[in-house]
Structures are given as C-alpha cells and as structure tokens.
Amino acid sequence: MKEKIRIASGQGFWGDLLDAPVRQVEGGPIDYLMLDYLAEVTMSIMQKQRARDPMMGYARDFVPLMKQILPACVERTIRVTANAGGVNVEGCANAVREVARELGLSGKFRIGLVTGDDIMPRIDELLERGIELRNMDTGEPLSSVRERIQSANVYLGAWPMVEALNRGAQIVITGRATDTGLTLAPIIHEFGWRADDWDKLAGGTIAGHIIECGAQASGGNCQYDWRNIPDLANVGFPIAEAYPDGTFFITKHEGTGGRVNVPAVKEQLLYEMGDPHSYITPDCIADFTTVHLEDAGPDRVRVFGIKGRPATDTLKVSISYSAGFKAVGTLVYSWPDAYEKAQAADRTLRARLERLGLHFDQILTEFVGANATHGPLAGEPSPDLAEVQLRVGVRGQDRKAVERFTKEIAPLILTGPPGVTGFAGGRPKVEEIVAYWPALIPKTEIAPRVEVSEA
Amino acid sequence: MRIQLTKLAHARSGDKGDTANVGLIALREDFYPLLVREVTAERVKQHFRGICKGEVERYELPNLSALNFLLHESLGGGGTLSLMTDAQGKTFSTALLRMEIDVDEDEAQTLGLKS
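Since this is a predicted model, take the numbers as computed values, not measurements.

Undergrad: Would you explain the overall build of chain A in this entry?
TA: Within chain A, the regular secondary structure consists of twelve helices and 19 strands. Its C-alpha radius of gyration of 25 Å places chain A within 12% of the 23 Å reference for a compact globule of 455 residues. Reported as C-alpha extents along the three principal axes, the dimensions of chain A are approximately 75 × 55 × 45 Å. Here chain A, with 455 residues, has 57% of them falling under the buried criterion. Look at the contacts in chain A between residues 6 or more apart in sequence, and 78% of them connect residues 24 or more apart. Split by element, the accessible area of chain A, about 18800 Å² in all, is 51% carbon and sulfur. In chain A, which carries 49 positive and 60 negative side-chain charges, the distance between the mean positions of the two groups comes to 3 Å.

Right under this line is the structure:
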C-alpha cells in the first residue's frame, strides 16, 4: 500500500480555467486528477445535444484536454476520475479512444465506464410503482411536471468508480456522479477501505468537498486577507494529499499563486453547506462539526478528526424540467441623478408592458451600483452616483410575451429619461428556463454498471 | 459599543435551490463566543428583512469557530428560475458582514477591539 496519495483538482465546474488540469499534471507530483464537469442543470443541456446528434451529450472540453495530458498520464501512471460522460458516457469514452489512437497510445491503458445513473427511460415505470420522486424542497410529486421533464439522473457515489479502478482503469469516465466521489474513489481504492469505515469515508468525502470547487480552496474568492493573496493570475488549484488513516492535507504545487491556509479552507468547507452534522452522500454521512484544521507549513493545511455515520438507503436524483422563458435587459444611466433616472425609466418600461397587455409570472427590477447585491441593506443611494445600471428581468410561460419584452429596452434610449447608454450588445436573448427538481430514490432501484476495457 | 461584523468575521455564501447559506467565521477564536451570543437566527432574519422571505436556521461549528446560516426563500426561486443578479447568493456573505452587534466596553477592551 502507498504511504499517501495526491489527488489534484482540475476543474471546479464546466467552464473553469481550461489550462488548470494541464498545470496540475505538469506542475509537480500527483497520483490522480479529478475533474468535475456537471452542474445541476448541465445534464439537460447534454440531453438536448444528444437528441440533435447521438454522438454528443458529454463534456466536449474533456477530449482536447485528454489529447494534451494523456501522454504524461500514461507515462507517469496518473489516473483520472471525471464525470465528463454526461448523458453519453460511451460516446465520451469513444472520443478518448480516438485520441489515444492518434497519439499512438492504443492498448497502453484501460478506460473505465460507469453508467446506470440515467433513469429518464424509467420515469413512468417508477411513478406507476408509487415511487413519487417528490421535490425535496417543495414536497410536490413529480407527476405535476411529468410532461416537461428533460433529464433524470441519479447521483452515483464512489463505489462504482472504485470497482473500475480495482479492475485497472486508468481513466474513469462517469455520467452523473457526486463531486465528492471523484476524490473519495481513488482513496478507497488505494487504501482498501471497507464500505463501513464510516469515519474514513467521511474524511475522504470532506477532502472531496474541499477540492471540488477548484481554486476556491486555494485563494480564489477568498475574503480573508484577500488583498495579500499572491499571484492569482497564476493560481494553483488545490491538491488533497490523503493518508490511510483518513486524515489528509490540502496543498498546491510549489511555485503557483494563490494561498492555502486555515481561513481559506474554512471558507470552502462552509460553501453550500446545509446541516453541518449531516452532509449526506451515497457513501456516508459526514459530520462537519468534527473537522479539525491546522496550518502545517506554507500552503499546507492538515485536516483530521473527522467522524462519519452510515450512509442512508436512498440516492439523490437530479431531474430537470422545462419551466418557461426568461430575458434580462440592461441600460446604464449616468450622473447627475443616475438612480432617479433609472427608476423613472423602469416606471416607463412597466407602463408600456402594461399597455401592451403583457403578463409575466415575475418582473424583477434591480439597480446595479445601488442595490443589486445587498438590496435594502445597501441603504439609500447617493444622488452623486457616477452611474447606475437598470436591470429588468421577466419570466413567464409565454415565449412571445418574453420576446416582446426584449424589444422594449432599446426604445427607452430615445423615448425615456436622459443620460442613458449601454445598449451595444443588442436585444436581450430569450432563454428557455430549465429548472432543477431534486428528489430521492431507494438505492435498491439503482444498479450501477461498470465496464473496463483496453483503450 | 457597536461593532460591525467585518471587524470580527469573514464569510462565504452559496445556494441550494431557493435557500442561501452563509458561513460566518470568526477572525480570531476568542471572537467566536461573541458571534454565538449576538448573531442569532432571529437577528439575522431581522437583518435580511425584505430579502429573506422564509425561516432562518443557524448551526454552530465550534471546531471551526464558525456559524452556518440557512436563509430560506431568499433567491427569487433559485437556480435558473431566479431573475436576480445574485441568483446563487454569493454576496449574502458580505451582506451579513454589514450587521452591527453590541459589545460592552469591558469586553471590547479585553478583546482588543477598542482603538
């Protein structure tokens, strides 16, 4: 057994710094690279892409990335865990095999595929059998949006990935898998942890939570002493250095920017936190009130003391459904009386929408520069503000009404209050709203599949 | 005396659906009891009036000298439904740091908060 393993975070979300995973591979020693590509509504975008082209439906950025790093990964036996497969894990794996052929690496490594997360084809059968997939937030049964569902995927945990690694996979590609599982699976695999090693599993899970948002654990978006965080242009993404006893260090490559210290790690620990006693994943329940941190040298934090409890008997399901249309228009008003003018423009706009007989589920007006982030807490804006951006959004079920709204913004420049500019971008775009429906399903309903083959 | 939380804590916030979470972290361990005493769920609910339409829940993490607040019904429906600039609640952290709390003179002296 290895004494320790280093798992590097390469992407905090789909759209994160493109060169970050390359720098993780080239910047120093690592054993694993974990890549999280799937935000909550990403699956629905991928469903649409696959509907148009059966070869698509996965995180395409992953393929050129593999082209860049595969030679180094094969040479140094760096293994990769990535939920890049989206709704087409096989398609993604085929694209990676093609890259391997181009690079002359065919037969030099094994690819593991984890599927079984997609329950879209089973929705009716599940509902008929009384599995209601109620919305975890609102309690509504899924049948109320049945006709509008676009995707439905279960969050799979670490264990199917562990099986792929145990069977020799060097590149593990999953569909919807938990962010934390991408980090936990390599640790379980290397140290041979059991399914009921709850404290250790909770440790590996929290390691995953800390590094899953990329540089947000290593100086990015860090409030503590932000002015003095060095060289964010060259920010190093976090690395979890894990040990067999369930403890770990958070660090980053030498010579990179950013900062890993106790305050930065605390901020990330609390990010998107619910009840800290019960952080529920498919693999365990982790207790964040047991996490202990200590600075252990420059850009190095030791994490220890973590306790866990048995996993629940359900898995979370991420369902997306079509929920109408929205558009947001903006204009900028300048000194003097910028805020007052922007308010007058808003009243003018709303009167015109009213006269046109347009109805929306919601109209929201914000004044950027005055109150868009802190609302009434920002206090009354000064009449001397240099400028204020009027930002009006509408949302509704009728696409035509939302489209009509987008044509009412530009006319305000010539037909509303003076001192206005900022319409160079053209008419606002109408967006289809794909909303998120979280639900639970019994674990017994789900059978993950693992395939491992030569690349 | 009144002290703004920016002098006592740092914070990070995020979202889960229509709920914003704010993690409030004491800048020094000896500030933590002050946060526990003064920054109650009720005070936070009052602070965010007009913004948070639901309940406020508070959890204590003494191991991190931190409190975690859940502000329900705060993000205009949340996720892709929300029309807000900050649909992900990322600036609720600094919004909470605007809060001022009461610290008596002796305590402020002991904690080195008097200039």
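Undergrad: What exactly am I supposed to notice about the overall build of chain B here?
TA: Regarding its fold elements, chain B presents four helices and six strands. Element order for chain B, N to C, with α for helix and β for strand: β-β-β-α-α-β-β-α-β-α. Rg of the C-alpha trace for chain B: 15 Å, near the compact-globule value of 13 Å for 115 residues, within the 12% margin. Expressed as lengths along the three principal axes of its C-alpha atoms, the size of chain B is roughly 50 × 25 × 20 Å. Of all 115 residues assigned to chain B, the portion counted as buried reaches 56%. Considering only contacts within chain B whose residues lie at least 6 apart along the sequence, 60% involve residues at least 24 apart. On chain B, roughly 4800 Å² of surface is accessible, and the fraction owed to carbon and sulfur atoms is 49%. Placing the 14 positive and 17 negative side-chain charges of chain B at their respective mean positions leaves the two points 5 Å apart.

Undergrad: What is the right way to read the domain arrangement of chain A from this model?
TA: When the parts come together, some accessible area is lost, and that loss is often what is quoted as the size of the interface. Per the domain assignment, the segments of chain A are domain 1 (5–117 + 155–312) and domain 2 (319–435). A C-alpha centroid distance of 39 Å is found between domain 1 of chain A and domain 2 of chain A.

Undergrad: Just to check I follow, could you spell out the packing of aromatic side chains for this structure?
TA: Residues and elements named next belong to chain A. All told, the structure shown has eight aromatic pairs over all chains when counted by the stated rule. Between Tyr279 and Phe288, the ring centres sit 4.9 Å apart and the planes meet at 45 degrees, which makes this aromatic pair tilted. Comparing Tyr279 with Phe288 shows no difference in burial state: the two are buried. A cation sits over an aromatic face here: Arg300 above Phe249, 4.0 Å from the ring centre. We note Arg302 situated over the ring of Phe304; from NZ or CZ to the ring centre the distance is 4.2 Å.

Undergrad: What exactly am I supposed to notice about helix α8 (residues 198–211) of chain A here?
TA: Between the first and last C-alpha of α8(A) there are 20 Å, a value that for 14 residues agrees with the 20 Å anticipated at 1.5 Å per step. Within the span of α8(A), buried status applies to A:Leu201, A:Ala202, A:Gly203, A:Gly204, A:Thr205, A:Ile206, A:Ala207, A:Gly208, A:His209, A:Ile210 and A:Ile211.

Undergrad: Help me out: how do you make sense of the sheet that holds strand β13 (residues 307–309) of chain A in this one?
TA: Remark on secondary structure: sheet strands pair via backbone hydrogen bonds, oriented parallel or antiparallel. Residue and element names in this part refer to chain A. On the basis of which strands lie adjacent, the open sheet formed by three strands has the order β9-β10-β13 and antiparallel pairing. Both edges of this open sheet fall to β9 (279–280) and β13, since each of them pairs with a single strand only. In the packing of α8 onto the sheet, the strands contacted are β9, β10 (285–287) and β13, and the crossing angle to β13 comes to about 110 degrees.

Undergrad: Explain the nonpolar core here, please?
TA: For soluble globular proteins, the rule of thumb is that nonpolar side chains tend to be buried together. All names here are of chain A. Ranked by size, the top nonpolar core spans 75 residues in total, and within it Ile210 and Ile441 carry the most contacts. The residues that make up this core include at least three from each of domain 1 (5–117 + 155–312) and domain 2 (319–435). Ignoring any residue separated from it by four or fewer positions in sequence, one finds Ile441 in contact with Ile119, Leu126, Ile131, Leu133, Val154, Asp313, Thr314, Leu315, Val317 and Ile446. Of all hydrophobic cores here, the second largest spans 40 residues; its members include Tyr37, Cys73, Ile78 and Phe109.

Undergrad: Where do I start with helix α11 (residues 399–406) of chain A in this structure?
TA: For an α-helix, the turn length of 3.6 residues means that residues three or four places apart are oriented alike. All names here are of chain A. Taken residue by residue, α11 has Ala401, Val402, Phe405 and Thr406 as its buried positions. Along the axis of α11, the buried residues cluster in a sector spanning 145 degrees; they form a single face. Each element contacted by the buried residues of α11 is listed here: β14 (314–334), α10 (338–355) and β16 (387–396). Its side-chain oxygen 3.0 Å from the backbone nitrogen of Lys400, Asp398 forms the N-cap of α11.

Undergrad: Help me understand the packing of helix α7 (residues 179–191) of chain A against α8(A), please; the structure alone is not making it clear to me.
TA: To describe two helices that pack against each other, one gives the angle between their axes and the distance between the axes. Residue and element names in this part refer to chain A. Contact geometry of α7 with α8 gives a least axis separation of 7 Å together with a crossing angle of 135 degrees. Taken together, the axis directions place α7 and α8 in an arrangement best described as oblique. In this structure, α7 meets α8 at a crossing whose hand is right-handed. Along the contact surface, α7 presents Thr180, Thr183, Leu184, Ile187 and Ile188, while α8 presents Leu201, Gly204, Thr205, Ala207, Gly208, His209 and Ile211. When its residues are assigned to classes, the contact of α7 with α8 shows six nonpolar, six polar and no charged.

Undergrad: I keep staring at the pattern of salt bridges and nothing clicks. Help me out?
TA: Two side chains carrying opposite charge are able to pair once their charged atoms lie near each other. Residue and element names in this part refer to chain A. Taken as a whole and judged by the stated rule, the model has 34 salt bridges over all chains. Between Glu90 and Arg97 there is a salt bridge; the shortest N-O distance is 3.7 Å. Linking Arg122 and Glu125 is a salt bridge whose minimum nitrogen-to-oxygen distance equals 3.6 Å. One network of salt bridges, with partners in common, ties together Arg122, Glu125, Arg129 and Glu445.

Undergrad: Just to check I follow, could you spell out the environment of A:Pro418 for this structure?
TA: All names here are of chain A. As for its position among the elements, Pro418 is in the loop between α12 (412–415) and β17 (420–421). As a C-alpha pair, Pro418 and Val87 span 331 residues in sequence and 50 Å in three-dimensional space. Excluding residues that lie within four positions of it along the chain, Pro418 makes contacts with Tyr333 and Lys341.

What counts, and at which threshold
Residues numbered from 1 in each chain as written. Chains lettered and ligands numbered in written order. Predicted model: local features only at pLDDT ≥ 70, side-chain atom pairs only at ≥ 80, totals over all residues. Heavy atoms only, no water. Helix = DSSP H or I, 4+ residues; strand = E, 2+ residues; numbered from the N terminus. Rg over C-alpha atoms; globule rule 2.2 N^0.38 Å. Buried < 20%, exposed > 50% of the residue type's maximum accessible area, 1.4 Å probe, protein only. Contact = heavy atoms within 4.5 Å. Areas by Shrake-Rupley, 256 points an atom, 1.4 Å probe, with all protein chains shown as cover. Lys, Arg positive; Asp, Glu negative; His and termini not counted. Charge placed at Lys NZ, Arg CZ, Asp CG, Glu CD. Domains from an automatic or database assignment. Phe/Tyr/Trp six-rings, centres within 6.5 Å; stacked < 30°, edge-to-face > 60°. Lys NZ or Arg CZ within 6 Å of the ring centre and 35° of its normal. Expected span 1.5 Å × (residues − 1). Pairing = 2+ DSSP bridges. Axes fitted to C-alpha atoms, helices over the stretch in contact; angles between N-to-C directions. Core = buried A, V, L, I, M, F, W, Y, C linked by side-chain atoms within 4.5 Å. Arc of directions from axis to C-beta. Polar contact = N/O pair within 3.5 Å; in protein donor to acceptor, adjacent residues only side chain to side chain. Parallel < 35°, antiparallel > 145°, perpendicular 65-115°, else oblique. Left-handed = near helix turned anticlockwise from the far one by under 90°. Nonpolar A, V, L, I, M, F, W, Y, C, P; charged D, E, K, R; others polar. Salt bridge = Lys/Arg side-chain N within 4 Å of Asp/Glu carboxyl O.

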